[in-house]
Amino acid sequence: MQRDCPFCRIVSGEAPAEVVVERERVLAFRDTRPQAPTHVLVIPKEHIRDITELGPAHAPLLVELFEVAREVAGKEGVAGTGFRVVANVGPHAGQSVFHLHLHVLGGRWLSWPPG
């Protein structure tokens, strides 16, 4: 855990979050500044800065992250109409919390290209 990481503080219970799904290694919770009616963040409980730190040993964790993203979409009622899963990497891409996370967005038309 990194003390200065807000997501690590959520994982440890030091900061509040509206949890949608929790597993042993993965946590999903509502974004505090939602960009769509459904906006849930899916994170590994282990602190990983971003996808550039991932390697072959992380394969099972990546599968679990996407399984939880799919579960969130089902729980939120957007699996049938469509949803987007986004991982921002670095400040130019909009990453503001440097702890790997997936955004699950849905509940409205999502334009393309984003941004």
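Being a predicted model, the structure only gives us computed values, none of them experimental.

J.: For this particular structure, what's the right way to read the packing of aromatic side chains?
T.: Within a pair of aromatic rings, the relevant descriptors are the distance that separates the centres and the angle that separates the planes. With the rule as written, the count across this model stands at 1 aromatic pair. With 5.4 Å between their ring centres and 75° between their planes, Phe7 and Phe29 make a pair best called edge-to-face. Of this pair, Phe7 sits in helix α1 (residues 6-12) while Phe29 is found in strand β2 (residues 26-30), placing the two residues 22 residues apart along the sequence. Judged by relative accessible area, Phe7 falls into the buried class, the value being 7%.

J.: Help me understand the pattern of salt bridges, please; the structure alone is not making it clear to me.
T.: When the charged atoms of two side chains lie near each other, side chains of opposite charge can form a pair. The full count for this structure, using the stated rule, is 10 salt bridges. Taking the shortest distance from any N to any O, the salt bridge between Glu22 and Lys45 comes out at 2.7 Å. Of the two residues, Glu22 sits in strand β1 (residues 19-22) while Lys45 sits in the loop between β3 (38-44) and α2 (59-76), which places them 23 residues apart along the sequence. Classification of Lys45 as partly exposed rests on a relative accessible area of 22%. Measuring nitrogen to oxygen at the nearest pair gives 3.2 Å for the salt bridge that ties Arg23 to Glu71. Of this pair, Arg23 sits in the loop between β1 and β2 while Glu71 sits in helix α2, and the two are 48 residues apart along the sequence. For Arg23, a relative accessible area of 28% gives the class partly exposed.

J.: Just to check I follow, could you spell out a nonpolar patch on the surface for this structure?
T.: There is a patch of nonpolar side chains on the surface, built from Phe66, Phe83 and Val85 and spanning about 240 Å² of accessible area. With respect to the helices and strands, the residue Val85 is situated in strand β4 (residues 83-86). On the accessibility criterion, Val85 (31% relative accessible area) is partly exposed.

J.: Would you mind showing me how to read the layout of surface pockets here?
T.: One way to see where empty space is left: roll a probe the size of a water molecule over the atoms. Within this model, the largest pocket holds a volume of roughly 780 Å³. Taken together, 34 residues line the largest pocket, and the ones lying closest to its centre are Asp31, Gln35, His39, Asn88 and His103. Those elements that place two or more of their residues in the lining of the largest pocket are α1, β2, β3, β4 and β5 (102-106). Among the elements that make up the lining of the largest pocket, the one with the highest residue count is α1 (4 residues). Here the residues of the lining of the largest pocket are counted per class, giving 16 nonpolar, 11 polar and 7 charged.

J.: How should the sheet that holds β2 be read in this particular structure?
T.: Pairing between sheet strands relies on hydrogen bonds along the backbone, with the strands arranged either parallel or antiparallel. Taken together, 5 strands build an open sheet; the order of strands is β1-β2-β3-β5-β4 and the sheet is antiparallel. Only two strands of the sheet have a single neighbouring strand rather than two, namely β1 and β4. Between one strand axis and the next, the sheet turns by 20° as a mean value, whatever way the strands run. Against the sheet, α2 contacts β1, β2, β3, β4 and β5, and its axis sits at roughly 155° relative to β3.

Definitions and cut-offs
Residues numbered from 1 in each chain as written. Predicted model: local features only at pLDDT ≥ 70, side-chain atom pairs only at ≥ 80, totals over all residues. Heavy atoms only, no water. Phe/Tyr/Trp six-rings, centres within 6.5 Å; stacked < 30°, edge-to-face > 60°. Helix = DSSP H or I, 4+ residues; strand = E, 2+ residues; numbered from the N terminus. Buried < 20%, exposed > 50% of the residue type's maximum accessible area, 1.4 Å probe, protein only. Salt bridge = Lys/Arg side-chain N within 4 Å of Asp/Glu carboxyl O. Patch = residues over 30% accessible without salt bridge, like charges linked within 9 Å, V, L, I, M, F, W, Y side chains within 5 Å. Areas by Shrake-Rupley, 256 points an atom, 1.4 Å probe, with all protein chains shown as cover. 1 Å grid on protein atoms, 1.4 Å probe; cavity = no way out; pocket = protein on both sides within 12 Å on 5 of 7 lines; lining within 4 Å. Points joined across faces, edges and corners; volume = space filled by probe spheres on them. Nonpolar A, V, L, I, M, F, W, Y, C, P; charged D, E, K, R; others polar. Pairing = 2+ DSSP bridges. Axes fitted to C-alpha atoms, helices over the stretch in contact; angles between N-to-C directions. Contact = heavy atoms within 4.5 Å.

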